[in-house]
Structures are given as structure tokens and as C-alpha cells.
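Commentary on secondary and tertiary structure
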Amino acid sequence: MKYTLAEINKIVNGRFLNAENETVITHICTDTRQISAAENSLFFCLVARSDGHQYISTAYKKGVRNFVVSKNVDFQSFNDACFILVDDTLSALQTLAKFHRMQFKIPIIGITGSNGKTIVKEWLFQLLSSEKNLVKSPKSYNSQIGVPLSIFNIENNNELGIFEAGISKVGEMEKLQEIIHPNIGILTNIGSAHDAGFSSTQEKIQEKLKLFANADVLIYREIYVDEQLLHDFNFQKIAFGEQANSAVQVHLIEKKNQHTLYQLSSSLFGLEKTNILLPFSDEASIENCLHCVVTLLYLGYSIDFIAKKILTLRNLPMRLELKYGINRCTLVDDSYSADFHSLQIAIDFLFQQEVQKKKTLIISEFEESGLSEKDFIQKLKSILQQNKFDKLIGIGEAFMHHIESLASVVKEWYVFENTTQFIEQFHILHFENEIILLKGARKFMFEKISAQLIEQTHTTVFEVNLNALTHNLNVYRGYLPKNCGVIAMVKAFSYGSGSVEVAALLEQQHVAYLAVAYADEGITLRKNNIQTPIIVMNPDAVDFDRMLEYHLEPEIYSLEILHQLIQKINGNEVAIHIKVESGMNRLGFVQSEIPELISILNKHKNVQVKTVFSHLAASEDAQFDSFTEEQISTFSTIVKQIEDGLSYPIKKHLLNSSGIIRFPQAHFDFVRLGIGLYGVDSSATIQQQLEPIGKLKTRIAQIKQVQAGDTIGYSRKGIAQNDMKIAVLAIGYADGFDRRFGNGVGKVFIAGQRAPIIGNVCMDMCMADFTHIKNVHEGDECEIYGKQISIVTQAQKIGTIPYELLTKISARVKRLYFLD
């Protein structure tokens, strides 16, 4: 995009707060963590859960000089900056995107649905990028903010656009329709995602269909849409399915060797019982694949062309992944897509990580970018000038021919003609203590490079979805008043999810405090460059020196530990958090101790009380609500006593995750968000709104045929009542899979179905009965907890709580972090 500020001001119906400016804008940004080409960027100060106006100074320090605001700003504090005032910054962003979209007459594919949007988009891109110059939404940019940012990527040389749209409640899709304005519509799978925002499945479908109000055609699977819902639309309706009246009839012939053979018939496209082989066997991938097949038929491609191209699809992870690498390296694997828009997003993510590590980019040429070798290198050079890497490794002929153009922007560089040559020379590259971004086109098979770089690990993995973590944080923020901050609990290895990575994300989300149990946990965060204030909830006096060294703030819960702290600090200033007893009968000052506490604090003004807090005993349980209300009253009385006794205001916090929802009268200044952040609502009030952030998975090590009467496992506890097929799974109680799940109590998820555990759970493995399940192979993935096997339900089965299951996941189970 390229507009002058004056043009943008006119488009969004704004008003310059200071002198009119003719700066040419080429980049739009809404997040100070994702600023590139700062001098030609326009920063929109969005007012949502956090107020973008708070970050004007940060953006200014990063070089941004142009802003769209909805509040009067003291522009004299930013001498050379320009401010456009509008009524609503989000509306202005969407208006500008709408204008930009209407400058182009190219066909646009709009995709919506509950599941499969991103995969269908990415697969269409894979299938068509060699035929046309395409533009698409980066990753899952499908929200009220993400869609406009995606649309700004349309350029004059693009021939086809592919954009996805997602909504979570009524009234959102009309705005996205006006921005995307698709000619071709695709409605993917309709499932339970975001059900809480709609009164019924029918209402959700009606809302999603609004994306296609002005489309020429809609492609969909017949089972998801009642024809009556389409009655008022004028677009061509192309349904696929097994019914005789479907525009494209699809009939399953057979599944074999991870492939599925279908027969297609369609008078619309001149097909009569034509076979097509799909390179997948799971139902979700087959359905997504068929959406792509029908779309390509509509676009005029022959069935022979489609059949050949479809076989090139791979079920790659449609997400950016953060992995542990060899020699203390960290790998940011974003090799599933190869375009400059997703490259910038991946770079932004990398620079938000461990800044003390050397930064390395391994990149191939983007074969389907539509750019000449020289233009490709020049565009990459521009990005590298904005984002400083220490090492560049280029793979492909473009780098062989033009590397001298990049030599000036990176200290250390290597070029290889292909991936095979890179692997042959791998030993000379000496990767150590680096954070490495992997970005390559499909033909370069960067999965081979990833295999070289990742640390060899146990096949059991705990996947952590960082997007789900952000989602859950925002769900709870939605229940808070704007002046109430969040203290995020990252104790116990962030409830098993990995402390540093989770803390880094929470810092980016601007939580007020992080809270750990012990000093060692806080020190680890500081050593990994976490700057957010950290509260130590269970301090030990022997750790006070180290806590002061690393600027950690201790909870003080008794007169004795307060005296020990005062002796250690020798008159230096220290921030503390006072814990008071309100009925939990754990740590905390009782009310009779408060006068002496105030006296000591008034004598030692260098000891600054940052907050006073307490802990609710049963906020999740309605039968104890009267007791909880007594706790709130007791806490309020004690806090007033402390505030009256000190000469400065004190911040307060009392509520945990379930308390946030059930006792809004006690939000005070902060709330402490713990298990809810990780996708569990102990009160079961808003569980449907939360997303599980973790998936514990393993693989099938071996398949065995067991005869009736044989026994399975230690102590011969598992007995085969009939001939049985069992899967030996590479997970046991040493990994955190509780022994109580043995002998049929627990179930795991294999090949789309649940399979019971048979026999005792062993230290390093367990066995599952999958006699009733077809198409299971050694090496297949098996879910232990996640979307299919609820950790809440599993905990209930063995009489415990999700906290215990999460925190018991062993350190030998590697954590894999990803962004959808």
C-alpha cells in the first residue's frame, strides 16, 4: 500500500491535530512489538482491552512519527510527529482497509467457518501459487483487526486474493464483509468453536453467511447448511456431498496407506464418475481437501490438473512453532509458508524472544513470490535492514547469484544451492546459543533442516498453544473494569506449561505482575530477560539477598519474616506485598498483628508496601458463598486499617480465577489469574469460553495382537477377555501420566476415537486397547490430554484436580510452543 497522510486523513474523515503532513505511508501497525519501516508506518492507537494511546511514546522511540488517535494528545511532547484525530480508531482502520480493497478488481476468495479456515486458505495457496500471483491472509489473521491488516497486503501485481474471516458473536461479520468483499465464498466445517457467542448453531451459520452477501458463488458441504438459510442470497450455490442433488457428488471408494480414493460426479463441471486420490485419510483433512477440489473446478482448472496438484499437498503444521534446539539454540520453525508477509510476522515473534541469543535467519528463495531473483533479494534486504540478524543462511539460486547485495546488512553469511548441500555442510556452521528462524518454500524441504537443528527428544511432547493463552487472558480481562490489572500466576513451571516462554508472552500482553512460588523461579525469569515486576509468593529468608539482586518483590506474611528482611536490606529500598489472613488459615497476618505491622512499616520508610492481599478458600463453590463474602468483608476491614495507618495509598487484590467471575464486587486493583489462564475454570461458569492451552501427546511405539486370556502389564492386572489389539504408548507415570489411569480408568485418543488404558501404567509406557479402531499404525500420534480428552474430565476420573495433572507433567517431556 502507498498513501500520503493527507489522503488517509480524507479517507478516514479525520482531522490533523498539528500541521498537515504529506509523508508517504507504506505500513500500518497497531502493536509496538511489530513495527517495521518505522518512518513510513502509521500507528493506529486502538482502544480495546488495552488502550493503544498508552504506547505512543514506545512507538515514537522506535521511530514511528505518524499516528491515528481518538483522544487529544499533547503533540508538543512529540516534536516531529503527526497526529490524525478520529472518532474511533478501529473504525478508521477498517474504513481505510475497505477503501484499499475497492482499489482492486481482482477476484477475492473469502473463507469462513468454525474449523478449517486457515488450512483451506493455505492449501489453496499451495495449489494455485504456481499459476497466479496470489495474496492471502497471514496465518490466522481473521479478526476485526486481523482482516484489515491482511487487506493492506494487496498490491497491483496480485491476480487473486484469499482471505479468511472469523467471528465470535452476532454483529461482527457485516464489517468484515465490507472489508473483504469476496466474489467467491467458501464455508468450511461448522463446529462448536465460539458457540458461547450465539444463541444457536443456526444463528451462527446465519451470521457467517453474511460474509457472502455480495458474492457470485458459495462453495460448501451440504450437511452444514439448510437450504432455507440460503433462500435470500443471489449467489450461485455449489454444494458437495453424497446426495444425488449435490452440485458435486462425492463418494468414498476406499482408504488405504494414508490416502483416500473418492469418485466425483458433476453435470455442472462435466464430470462423470471420475476418480481422485486424496493424500489424507482423516476426516477433517479430507473435507478441507474437497473444499479445495471444488474451488479449483469452479476456477476452471481441469480434473487432471487438480488430481495431480492435490497429491502435492502435505498436512504440514499450519502454525509457527518454538522448539528446543541443539547446543542451547532455540528454533522458530515457520517453514510451512513462504511469503514476505508471514516472514515479517515470524521475525516479530523471534525478536520478542530471548534477546541475549545470537539471531540467525535460515531462508530459501520464495519460488512462488512472483518476483525476479533480483527483486526478491532487494525486498529481503529491505526487511533485514529493519531487523538486524547476526547470521544469514540463504538457500537457493537467488542467493548464489545475488548474495553480495545482502552482505552489507548482515555480519556473517553463507549460501547453499539447495537443502542437500546445506545438510552436507552442516558441520561447518557451528550453531550454538542462537535463536534461529527457519523460513523456506516447500520444494526446499526445510523439515530436513529442522530435524538437524532440533534437540533429539522423548517422543512424548506437551504442546502449548500461545494463542490460546492470550485468548484466555483476554476472556478474563473482559470481565474486569478497565482500571483493574492482572497478576499472572506462573508458579510451578507455569502450571506445567513452561515458565520462561509463558512469562515472555504475558509480558508482551502487558500484565501488571508475574507471580512465582519461590525465588529460584523468579531468578530464572530474570536471567531470561523478563522485566515485568515479579512477586515471590513463598519467600524464604535465606533467599533475600538473591531476591534483592534480581529485583524480586517478596510476599511478607509474618512479623518474623518482615524483621529478617529489614535486617538484610541495610536501609536500602525494597518493595513488598503484605499477605493478610481472611479465613484460609494458611500464610498471612492476623488482624491482631496489624497495629504492630503498621508501626514497623512507619519506622522503616524504605520498605514500600506495593499491595495488600489475601486468598479465598472456596471461591469456586456456591455452597460456601456466604463464607467467601465474610472473607471479602474481613479483608476490606484489614486493608482499611493498614491504609489508615500508612501515609501512602495501597493497591489491593483478593480474587483468584474463579473469584474473578463469581465475585465482581471484589475486583479491587488487581486480580490473580492462575488456572483460568491455562484453560480451566474451576467454577465451571465460563469453561466453554476458555481454550485448553496444552496438548499432551505421545506416539504408538508398538502394536501387539493379544490372545483371549493373556495378561497385559505388571502384576498381570490387564486381562484380555477376547482377542485384542493393543498399542504400547511411549508415556508412563515418570512423564506425569498418573498410575490411577490404569485398568480402564483412563482413556486416550487414537485415530479419531477413544481407547481405554489396559493394565497398570508403567514408569515409561502404558498400553491402550484399540481393538474397535481401524487404520492405526505404529508411530501414530496419541492424545493424552487436549481438545479431545479434557483434562478436567480426566482429573475427575481419578479424584483430583486439573492443577495436579498439569503440574505433574515431567520436565523430561519437552514443551513445544506454537502460534496458530
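Here the structure is a predicted model, which is why all the values come from computation and not from measurement. (Residues numbered from 1 in each chain as written. Predicted model: local features only at pLDDT ≥ 70, side-chain atom pairs only at ≥ 80, totals over all residues. Heavy atoms only, no water.)

**Overview of the state of the cysteines**
With the rule as written, the count across this model stands at 0 disulfides. Left unpaired, C45 is separated from the closest cysteine sulfur, that of C29, by 9.2 Å. What makes C45 buried here is its relative accessible area of 0%. (Disulfide = S-S within 2.5 Å. Buried < 20%, exposed > 50% of the residue type's maximum accessible area, 1.4 Å probe, protein only.)

**Focus: the pairing of strand β37 (residues 753-756)**
Two elements, strand β36 (residues 747-750) and β37, share 4 bridges in a ladder whose sense is antiparallel. Opposite K747, over in β37, you have P756 as the bridge partner. The turn joining β36 and β37, which pair antiparallel and follow one another in sequence, is formed by 2 residues; a positive phi near 50° is taken by A751. (Pairing = 2+ DSSP bridges. Helix = DSSP H or I, 4+ residues; strand = E, 2+ residues; numbered from the N terminus.)

**Considering the pairing of strand β23 (residues 461-465)**
Burial runs high along β23: 5 of the 5 residues are buried. Residues of β23 alternate between two faces, with V461, E463 and N465 on one and F462 and V464 on the opposite face, all of them buried. Direction of pairing for β23 relative to strand β32 (residues 694-706): antiparallel, over a ladder of 4 bridges. Counted as the bridge partner of F462 is L696 from β32. Bridge analysis of β23 against strand β40 (residues 814-819) gives 5 bridges, and the strand direction is parallel. Each residue of the ladder has a partner; that of V464, found in β40, is Y817.

**Quick look at the sheet that holds strand β2 (residues 15-16)**
Sheet architecture is open: 5 strands sit in the order β2-β7-β6-β5-β4, paired in mixed fashion. Unpaired on one side and paired on the other, β2 and β4 (27-29) mark the two borders of the sheet. Of the strand pairs in this sheet, strand β5 (residues 41-44) and strand β6 (residues 66-69) are connected by 2 bridges, and their pairing is parallel. Bridge pairing in β6 places F44 opposite V68. Along the sheet face, helix α3 (residues 89-101) touches β4, β5 and β6 and points at about 140° away from the line of β5. (Contact = heavy atoms within 4.5 Å. Axes fitted to C-alpha atoms, helices over the stretch in contact; angles between N-to-C directions.)

**Some remarks on helix α8 (residues 283-298)**
For α8, with 16 residues, the first-to-last C-alpha span of 23 Å sits near the 22 Å given by 1.5 Å per residue. Summarising burial for α8: 13 of the 16 residues are buried, a large majority. Positioned one or two residues after α8, G300 has a phi angle of 100°, which is positive. (Expected span 1.5 Å × (residues − 1).)

**Notes on the packing of aromatic side chains**
What characterises a pair of aromatic rings is the spacing of the ring centres plus the angle enclosed by the ring planes. In this structure the tally under the stated criterion is 20 aromatic pairs. An angle of 45° between the planes, with centres 5.5 Å apart, marks the rings of F340 and F376 as tilted. In this pair, F340 is assigned in helix α10 (residues 340-351) and F376 in helix α11 (residues 373-386), connecting sequence segments 36 residues apart. The buried category is assigned to F376, whose relative accessible area is 2%. Plain terms: the ring middles of F737 and F741 are 5.0 Å apart, the flat faces sit at 20° to each other, and that makes the pair stacked. (Phe/Tyr/Trp six-rings, centres within 6.5 Å; stacked < 30°, edge-to-face > 60°.)

**Observations concerning the environment of Q689**
In this fold, Q689 is placed in the loop between β31 (670-673) and β32. The partly exposed category is assigned to Q689, whose relative accessible area is 30%. For the pair formed by Q689 and G645, sequence separation is 44 residues and the distance between their alpha carbons is 42 Å.

**Re the pattern of salt bridges**
Applying the stated rule across the entire model yields 34 salt bridges. We note a salt bridge from E207 to K210, for which the minimum N-O separation is 2.8 Å. Relative accessible area serves as the criterion here: at 5%, E207 is assigned to the buried category. On the accessibility criterion, K210 (28% relative accessible area) is partly exposed. Among the ionic pairs, K640 bridges to D644, the shortest N-O distance being 2.9 Å. Here D644 and K640 lie together in helix α22 (residues 625-645), a separation of 4 residues that amounts to about one turn. The exposure class assigned to D644 is exposed, which follows from its relative accessible area of 56%. One continuous salt-bridge network, built from bridges that share partners, spans K121, E122, K136, E164 and D339. (Salt bridge = Lys/Arg side-chain N within 4 Å of Asp/Glu carboxyl O.)

In short, shape yes, function no, at least from these values alone.
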